[in-house]
Amino acid sequence: MLPEPDSELSSREVEHVALLARLGITPEEVTRYRDQLRNILTHIDALNRADTSRVSATAHPLQQRNVMRDDERKPSLTIEAALQNAPRVEDGYFKVKAIQE
Amino acid sequence: MKPFQRTIRELHQMLVKREISSIELTESALGQIDAVGRETHAYLAVTRDLALRQAREADARIREGRAVRPLTGIPVALKDVLCVEGVPTTAGSRILEGFVPPYSATVVERLSTEGAVFLGKTNCDEFAMGSSNENSGYRPVRNPWDLDRVPGGSSGGSAAAVASGEAVAALGSDTGGSIRQPAALTGTVGMKPTYGRVSRYGLIAFASSLDQVGPITRDVADCATLLQAIAGHDPRDSTSSEHPVPDYVAGLQGGVHGMRIGVPREYFVTGMEPAVERAVRSAIEVFERLGAAIEEVSLPHSDVALPAYYIIAPAEASSNLARYDGARYGVQAGGGHNVTEEYQLTRQQGFGAEVKRRIMLGTYALSSGYYDAYYLKAQKVRTLIIEDFARAFEKVDALLGATSPTVAFPLGAKTQDPVAMYLNDIITIPANLGNVCGISVPCGLAQGLPIGLQVIAPGFREEVALRVAYAFESATSFHKDRSPLIGAAG
Amino acid sequence: MSAIATRYEVVVGLEVHAQVTTQSKMFCGCSTDYLVAAPNANTCPVCLGLPGSLPVINRKAVEATIRTALALNCEIPEFSKFDRKNYFYPDLPKGYQISQYDLPFSRNGHLEFEVKGEPRRCGITRVHLEEDTGKLLHAGAIEQAQSSLINLNRAGVPLMEIVSEPDLRTADEAREYVMRLRAILQYIGVNDGDMESGQLRCDANVSLRSVGATEFGTKVEVKNMNSFRAIHHAIEYEIARQTEVLDAGGKLVQETRGWNDAKNVTVSQRSKEFAEDYRYFPEPDLPPLEVSRAWVERIKATLPELPSARRDRLVKDFGLSAYDASILTSSKPMAEYFEETVRLGAPAKTAANWILGDFSRFLNADHKEIGESALRPSHLQQVIHLVDSGVISGKMAKQTFEEMYRAADPGPALEAAKRSKQISGDTELEAIVDQVIAQNEKSVNDFKAGKAQALMFLVGQAMKLSKGRANPERLNALMRARIEP
Ligand SMILES: [Mg+2]
Ligand SMILES: [Zn+2]
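Residues numbered from 1 in each chain as written. Chains lettered and ligands numbered in written order. Predicted model: local features only at pLDDT ≥ 70, side-chain atom pairs only at ≥ 80, totals over all residues. Heavy atoms only, no water.

Asker: Account for the overall build of chain A, with residues named and values stated.
Answerer: Scanning chain A for helices and strands turns up 3 helices and 3 strands. Overall, chain A shows an N-to-C arrangement of helices and strands of α-α-β-α-β-β. In terms of overall size, chain A is more extended than a compact globule, its C-alpha atoms giving a radius of gyration of 23 Å where 101 residues would be expected to give roughly 13 Å. When the backbone C-alpha atoms are referred to their principal axes, chain A occupies close to 55 × 45 × 20 Å. Entry remark: accessible area of chain A is about 5,500 Å², with carbon and sulfur atoms responsible for 49%. (Helix = DSSP H or I, 4+ residues; strand = E, 2+ residues; numbered from the N terminus. Rg over C-alpha atoms; globule rule 2.2 N^0.38 Å. Areas by Shrake-Rupley, 256 points an atom, 1.4 Å probe, with all protein chains shown as cover.)

Right under this line is the structure:
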């Protein structure tokens, strides 16, 4: 079940999580977030009080099934509208920094 | 009495009787925004020109008696998490500064067809994450009852706008209490419909399996009127329900005589202010006088609702907010050596502290090795909470409790302690996880600050919650209390 | 390779991504033909990942996936759902891909194919449905590019992922597996099979283990092989490269390598020391799916004859060799071309030889599909008939066929062939005429007595004598001149 207390959230994990989430983070923030998240997680550990052995997980609150649409085309946005909010555009493309440095 | 102080229903009568024009009404509301807006900071954007154009169209509709609907010509405010084509929409976040959606949310389209008038986009906690509106990426909203106090959140701007007369009614969104809690703290009526009752298409997502759009109004009848306009199936939202929409306004009548109303013992939480508990207890007496059968019930898993919520909501949010990378819209930081650094800088600078905290919490809860311990466990607890409500509703028709354990607290009081802030939603969160509907109505004042009474009804029984709330409102006058900013409604 | 094969066992598993041919995208109404459209012309709030937009499932894509799974002998579970696969990349607008994780539409199937006529079988782990990503444009090579340009026309196109078991043991097997898979997708009409344009993409997991070993060796994922040739060469290259490392006592790193078609090598892209963590969780915006048995049966009923069945039929009905039949049926258009040619009257074996011989050679050289050629079954049937009726020699037929293939309109070359051996020289014709007159005195006299149709008879006799090769007009003229009074 829940990770052992000794496996309490580490600074390394905070850095890893920040990288997974693409959040730039300063060394001070690593420490601050680590302590805040540790504190939040200790409250969240209260989940253990609940016996969930006999229940299944609820991912979707409603009982709907097989919600689908027909394969029909609907008008797209104009290229102008599609690009209107983009910080950087070139020849009708969105432009970002290169993948590698 | 000034037009902006009135209710939708009063104003509708005046509009159709031609005692007032929508232009006059809209200008009176815009005038109030000019007068008190810089004190409440209820709005992030005021759409003056759009409002006046819509008001003129509404007046034409009324003049020609063409498709006049209950909301035709009524000035409303929209929480900034709702996309409006051509109108800046930021979800209260710097990362979306300057974003202008090329499309409108379904609820926005429905209000346009009704002929409603859009006054602007209301301030809110960034991406609807917060209970005090202090997480707005722009400026905190102030409570019209006491400008040194918070209006609650995350729909604090919408609630403050209605409470200050800067709008006749407003739309908010509720993921863990974000409509009901600010309604309670501002003396307004706010409803979280059942998940699936109102389309989420065009609502900027916080937690997709919990988010619902709902009304914030001056009284219960207005709440029913506004809900009527936005409820119903939407093919663009696969999670919206085809469950038929009843006539909510007609359903208000009938009272609570012979109704069975439950009082969950767990909802009198530790840390609840005595004045709040007193107000709720006397509200219960009102229902007894009205002939309802009151019985204490138990929702045994209420104590694990908060921890479950703080896994499920951040987990979904961490994924929903991944799209804010500055490539297609929003603000791009610049200065990164490659796209990864670019994303990291953009998100570091664009997101506020609480949003980052929740993204990290959610990312952690979903990451390999922790998924079962946190996310899966929380989803199972969610099942237990759904069962709690199901069991309670076998015995009773509706549930009563406080909306918030406290009245509006001073700005800055809880900003340093995330957990203390999270506790504000301890009585509202179960309804989101349990997949039921809830409404908050004014039930008194404590040192001049509003207290909210929460009525919870089974899923897709909004008419029951509204009817119970309406019976209480009709038997009391708390909803007539007005904030100093709007002035007494004589 | 044979020396290596004795020391190491090659283990290959393939991951094929196949776009589903639909009108609209997987979760929105945008058009799927991204190849022709201007950059970002086929986009909307949903496939741009704009705030507030929500996906809605395209039923046709779901049914196409189930069709594919049935054609690959898969089990179709009664309950399925979509999940979010979370990772950041500029071609992924939402920061997550809507895919399927623990409850795909199908699992546990298999695919049968041949290698040089030898039957093989490869297990299919699963077939699931997801959304394609956008396309990135790099100024120059991705390694040096200063910036990337994003085109989201392809983002959200329905994409099937077909994962094989690690059952393949040679590069040949891998290539034949993909060829057969491609044929099946075309047969059931869910994918057009164009690898160059990316409609069909293939990744390979390649590892070696010493013969007899039970656990797998370190696996290397090889990406962007966009032709059968590339698949074959890339896997051959990896086998050789890994063998070298192992022989030198070295260790292989688990990594992703890209196939460089120009240099004919695989190049390391990223090693897995930063393990991706996709944080899969159920897509909250999409309710799950119950795949009723009735629904599966309805889909099953729409499945056409599959290559293997067609191959067996060709062997049985036309007496073709299993080898010829399986090559003919490896492409639906080719199989249909063959059957049409036979239907028009050509002997099956001959038709097969032409199609698998010269015709395929020309087509491969031009990178063309049989359907793209102006040379239709009726043309081929006539060429075959000219040979069989002795009008032209086999050698001449080959020339004629190539001329017909090269020409925009095969007609003239065919007509020329029909006329090719015609006798027009008077001396030769007169000899024939004299012989006919000598043998048919009665008819000659009838004509002289005014029976016009007798001339027709005599000309017919002469034509017969020339085996139909006499120039009819000339023959007629000479005959008339000789017998007219
Ligand atoms: Mg995939
Ligand atoms: Zn689209």
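Next, the rest of the story.
Asker: Explain the overall build of chain C residue by residue, including any values.
Answerer: Regarding its fold elements, chain C presents 16 helices and 16 strands. A burial count over chain C gives 54% of its 485 residues as buried. Relative to all contacts within chain C whose residues are 6 or more apart in sequence, the contacts with residues 24 or more apart total 69%. Accessible surface, chain C: about 20,800 Å² in total, of which carbon and sulfur atoms supply 53%. Side-chain charges of chain C comprise 60 positive and 65 negative groups, with the mean position of each set lying 3 Å from the other. (Buried < 20%, exposed > 50% of the residue type's maximum accessible area, 1.4 Å probe, protein only. Contact = heavy atoms within 4.5 Å. Lys, Arg positive; Asp, Glu negative; His and termini not counted. Charge placed at Lys NZ, Arg CZ, Asp CG, Glu CD.)

Asker: I'd like a description of the confidence of the model for chain C, backed by residues and values.
Answerer: Residues and elements named next belong to chain C. Summarising the model, chain C shows a mean pLDDT of 91, and 96% of its residues fall at 70 or more. In this model residues 1–5 is a low-confidence stretch, pLDDT under 50, and it forms 6 contacts with partners more than four residues away in sequence or in other chains. We note a pTM of 0.88 for the whole complex and an ipTM of 0.97 for its interfaces. (pLDDT = per-residue confidence, 0-100.)

Asker: Which residues make up the pattern of salt bridges, and what values go with them?
Answerer: Applying the stated criterion across every chain, the model contains 74 salt bridges over all chains. Residue R182 of chain C pairs with E369 of chain C through a salt bridge whose shortest N-O separation is 3.2 Å. Here E369 of chain C lies in the loop between α9 (348–365) and α10 (377–388) and R182 of chain C lies in helix α3 (residues 171–187), a separation of 187 residues in the sequence. E369 of chain C gets classed as partly exposed once you look at its relative accessible area, which sits at 33%. Salt bridges sharing partners connect three or more residues here, namely R200 and D237 of chain B together with R84, E283 and D285 of chain C. (Salt bridge = Lys/Arg side-chain N within 4 Å of Asp/Glu carboxyl O.)

Asker: Lay out the interface of chain B and chain A in plain terms, naming residues and giving numbers.
Answerer: Each partner contributes to the interface: chain B provides 64 residues, whereas chain A provides 58 residues. Between chain B and chain A the total buried area reaches about 5,300 Å² when both faces are included, carbon and sulfur atoms providing 65% of it. When the area that chain B buries against chain A is broken down by residue, the three leading residues are M360, Y364 and K377 of chain B, summing to 13%. Counting across the chain B and chain A interface gives 4 salt bridges. Those elements giving two or more residues to the side of chain B that touches chain A turn out to be α9 (305–320), α10 (339–350), α11 (353–366), α12 (372–395) and α13 (418–422) of chain B. Tallying contributions element by element places α12 of chain B first for the side of chain B that touches chain A, with 14 residues. By residue class, the composition of the side of chain B that touches chain A is 32 nonpolar, 21 polar and 11 charged. (Buried area = accessible area lost by both parts, 1.4 Å probe. Nonpolar A, V, L, I, M, F, W, Y, C, P; charged D, E, K, R; others polar.)

Asker: Give me the lowdown on the coordination of the zinc ion (ligand 2), citing residues and values where you can.
Answerer: All names here are of chain C. Here the zinc ion (ligand 2) is held by C28 (SG), C30 (SG), C44 (SG) and C47 (SG), and the distances to it run 2.3 to 2.4 Å. What the 4 donor atoms of the zinc ion (ligand 2) show is an angle range of 101 to 116 degrees at the metal, which sorts the shape as tetrahedral. For C28, a relative accessible area of 6% corresponds to the buried category. (Donors = N, O, S within 2.8 Å, 3.2 Å for Na, K, Ca; no water. Tetrahedral: all angles 85-135°; square planar, octahedral: opposite > 155°, others 65-115°.)

Asker: Could you give me a rundown of the interface of chain C and chain B, with the residues and numbers involved?
Answerer: If you look at the interface, chain C gives 31 residues, while chain B gives 37 residues. Taking both partners together, chain C and chain B bury about 2,600 Å²; carbon and sulfur atoms supply 60% of that area. The largest share of the area that chain C buries against chain B comes from P51, L54 and F88 of chain C, three residues that together contribute 23% of it. On inspection of chain C and its partner chain B, the count reaches 1 salt bridge.

Asker: Explain the side chain of T428 of chain B to me, using residue names and the numbers behind them.
Answerer: Residue and element names in this part refer to chain B. For T428, the location among the structural elements is in the loop between α13 and α14 (429–433). Residue classification places T428 among the buried positions, given a relative accessible area of 0%. Excluding anything up to four places from it in sequence, T428 contacts G176, G177, R180, T403 and Q454.

Asker: Break down the side chain of N153 of chain C for me, with residues and values.
Answerer: Residues and elements named next belong to chain C. With respect to the helices and strands, N153 occurs in the loop between β9 (147–151) and β10 (158–164). Overall, N153 belongs to the buried group, its relative accessible area being 0%. Leaving out residues up to four positions away in the same chain, N153 has contacts with K25, Y34, A37, A38, P39, N40, A41, N42 and T43.

Asker: Give me helix α8 (residues 274–289) of chain B: which residues, what numbers.
Answerer: Every α-helical turn comprises 3.6 residues, leaving residues that sit three or four positions apart pointing alike. Residues and elements named next belong to chain B. The end-to-end C-alpha separation of α8 is 23 Å, in line with the 22 Å expected for 16 residues at 1.5 Å each. Within α8 the residues assigned to the buried category are A275, V276, A279, V280, A283, I284, V286 and F287. Among the structural elements, β7 (260–264), β8 (293–297), β9 (398–402), β10 (437–446), β11 (449–457) and α15 (462–475) are those in contact with the buried residues of α8. Immediately downstream of α8, the backbone of G291 shows phi near 95 degrees, a positive value. (Expected span 1.5 Å × (residues − 1).)

Asker: Which residues make up the packing of helix α2 (residues 59–71) of chain C against helix α5 (residues 293–301) of chain C, and what values go with them?
Answerer: All names here are of chain C. Axis separation between α2 and α5 bottoms out at 10 Å; the angle between their running directions is 75 degrees. Classified by the interaxial angle, the pair formed by α2 and α5 is roughly perpendicular. Here R59, V62, E63, I66, R67 and L70 of α2 come into contact with α5, specifically with W295, V296, I299 and K300. Class assignment for the residues of the contact of α2 with α5 results in 6 nonpolar, no polar and 4 charged. (Axes fitted to C-alpha atoms, helices over the stretch in contact; angles between N-to-C directions. Parallel < 35°, antiparallel > 145°, perpendicular 65-115°, else oblique.)

Asker: Account for the sheet that holds β9 of chain B, with residues named and values stated.
Answerer: Residue and element names in this part refer to chain B. Judged by pairing direction, the sheet is mixed, and its 11 strands sit side by side in the order β1-β3-β2-β4-β6-β5-β10-β11-β9-β7-β8 without closing on themselves. This sheet does not close on itself; its edge strands, each paired only once, are β1 (43–46) and β8. Between one strand axis and the next, the sheet turns by 30 degrees as a mean value, whatever way the strands run. Both β10 and β11 contribute to a ladder of 8 bridges, which runs antiparallel. In the strand pairing of β11, V441 is matched with L453. Helix-sheet contacts for helix α7 (residues 220–230) involve β4 (169–174), β5 (189–192), β6 (212–217) and β10, and the interaxial angle to β6 is about 145 degrees. (Pairing = 2+ DSSP bridges.)

Asker: If you had to explain unusual backbone geometry to someone new, which residues and values would you point to?
Answerer: All names here are of chain B. Cis peptide bonds are those with omega within 30 degrees of zero, and the linkage from G153 to S154 qualifies with 5 degrees. Note on placement: S154 falls in the loop between β3 (117–122) and α5 (156–164). At H41, a position not held by glycine, the phi torsion is positive, near 55 degrees. Here H41 shows up in the loop between α2 (22–40) and β1. Even without a glycine there, the phi angle at F460 is positive, about 60 degrees. In this structure F460 comes out as buried when scored by relative accessible area, which is 11%.

Asker: Any details on the nonpolar core? Residues and values, ideally.
Answerer: In this structure, L82, L111, F127, I439 and L466 of chain B together with F82 and Y177 of chain C are the most contacted members of the largest nonpolar core, which totals 249 residues. Examining the composition of this core, we find that 10 residues originate from one element, α9 of chain B, more than from any other. Not counting the four nearest positions on each side in its chain, F127 of chain B is found in contact with A91, S93, I95, L96, I204, F206, L321, Y324, F351 and V355 of chain B. In this structure, L320, F359, F362 and I392 of chain C belong to the second largest nonpolar core, which totals 32 residues. (Core = buried A, V, L, I, M, F, W, Y, C linked by side-chain atoms within 4.5 Å.)

Asker: Which residues make up the packing of aromatic side chains, and what values go with them?
Answerer: Using the criterion set out here, one finds 31 aromatic pairs over all chains in the structure. When the centroid spacing of 5.3 Å and the interplanar angle of 45 degrees are considered together, the rings of Y371 of chain B and Y375 of chain B count as tilted. Relative accessible area serves as the criterion here: at 1%, Y375 of chain B is assigned to the buried category. Taking the centre distance of 5.9 Å and the plane angle of 80 degrees together, the rings of F82 of chain C and F105 of chain C count as edge-to-face. Pair noted here: F82 of chain C is in the loop between β3 (79–80) and β4 (83–86) and F105 of chain C is in the loop between β5 (96–99) and β6 (106–115), with a separation of 23 residues, a long-range link. (Phe/Tyr/Trp six-rings, centres within 6.5 Å; stacked < 30°, edge-to-face > 60°.)

Asker: Pulling in residues and values, what's your account of the pairing of β6 of chain C?
Answerer: Most of β6 of chain C is tucked away, with 7 of its 10 residues classed as buried. Linking two consecutive strands that pair antiparallel, namely β6 of chain C and strand β7 (residues 118–131) of chain C, is a turn of 2 residues; a positive phi of about 50 degrees is found at K116 of chain C within it.

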